[in-house]
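# Descriptive analysis of the structure
Now for the letters of each chain:
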Amino acid sequence: MFSWSRSSHTPVSAPVTGLNGTRTHPGQTISRNAHLSSYLGHHVLRQSTRKVSQDDTTYDTVFQTTNGFALIIRVYLPTDSGRAPSMTLHGVRASHDWLDIRMKVIGYEPIASDQLWRQCCIKLGDA
């Protein structure tokens, strides 16, 4: 069993201030390039993230759970900036309300659908 980050649930309609201090509002479109830059340039994530596809769609990020286990989350960011990214635990079997049987993250509301992703105004690095 593992636990996600210490961050709390943010309603998808609320303005969001990212970890880098940028503020986005509902209805504001975030470009795919801005999502990638926020993810790959994130002060915590950049050291533990690597590209695993030949294009720029798939990345693995290693993170440590609250109880000390190291896990890999595979992040797929579609080339269409209006589509939600998908996140899957890679190389492990786990049980959590946020995971389906294929280890895909399904319980994190901002990436639950393309519409919620567009509305939430969270950059990938802050998700």
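I will try to describe carefully the structure that is included in this document. All values reported here derive from a predicted model rather than from experimental measurement.

As a further point, take the pairing of strand 4 (residues 58-64). Across three bridges, strand 3 (residues 49-51) lies against strand 4 in antiparallel orientation. The partner of Arg-50 across the bridge, within strand 4, is Asp-60. Hairpin remark: strand 3 followed by strand 4, antiparallel, with six residues in the connecting loop. As paired strands, strand 4 and strand 5 (residues 70-76) are joined by seven bridges and run antiparallel to one another. By the bridge assignment, Phe-63 is partnered in strand 5 with Leu-71. Turn length for the strand 4-strand 5 hairpin, with the two strands adjacent in sequence and antiparallel, is five residues, and the turn residue Gly-68 shows positive phi of about 95°.

Turning our eyes to something else, we now look at the sheet that holds strand 6 (residues 86-90). Overall, antiparallel pairing links the four strands, which are arranged 3-4-5-6 in an open sheet. Because the sheet does not close on itself, it has two edges, and the strands there are strand 3 and strand 6. Taking each pair of neighbouring strands and ignoring which way they run, the sheet shows an average axis angle of 25°. Of the strands in this sheet, strand 3, strand 4 and strand 5 are in contact with helix 1 (residues 32-40), which crosses strand 4 at around 35°.

This next bit is on the layout of surface pockets. Roughly 150 Å³ of volume is contained in the second largest pocket. Forming the boundary of the second largest pocket are eleven residues, of which Gln-28, Thr-29, Ile-30, Ser-81 and Arg-118 lie nearest the centre.

Applying the stated rule across the entire model yields four salt bridges. Across the pair Arg-32 and Asp-56 runs a salt bridge whose closest N-O atoms are separated by 3.0 Å. Of the two residues, Arg-32 sits in helix 1 while Asp-56 sits in the loop between strand 3 and strand 4, which places them 24 residues apart along the sequence. Between Asp-60 and Arg-74 there is a salt bridge; the shortest N-O distance is 2.6 Å. Here Asp-60, found in strand 4, pairs with Arg-74, found in strand 5; they are 14 residues apart in sequence, far enough to count as distant.

Parameters and conventions
- Residues numbered from 1 in each chain as written.
- Predicted model: local features only at pLDDT ≥ 70, side-chain atom pairs only at ≥ 80, totals over all residues.
- Heavy atoms only, no water.
- Pairing = 2+ DSSP bridges.
- Helix = DSSP H or I, 4+ residues; strand = E, 2+ residues; numbered from the N terminus.
- Axes fitted to C-alpha atoms, helices over the stretch in contact; angles between N-to-C directions.
- Contact = heavy atoms within 4.5 Å.
- 1 Å grid on protein atoms, 1.4 Å probe; cavity = no way out; pocket = protein on both sides within 12 Å on 5 of 7 lines; lining within 4 Å.
- Points joined across faces, edges and corners; volume = space filled by probe spheres on them.
- Salt bridge = Lys/Arg side-chain N within 4 Å of Asp/Glu carboxyl O.

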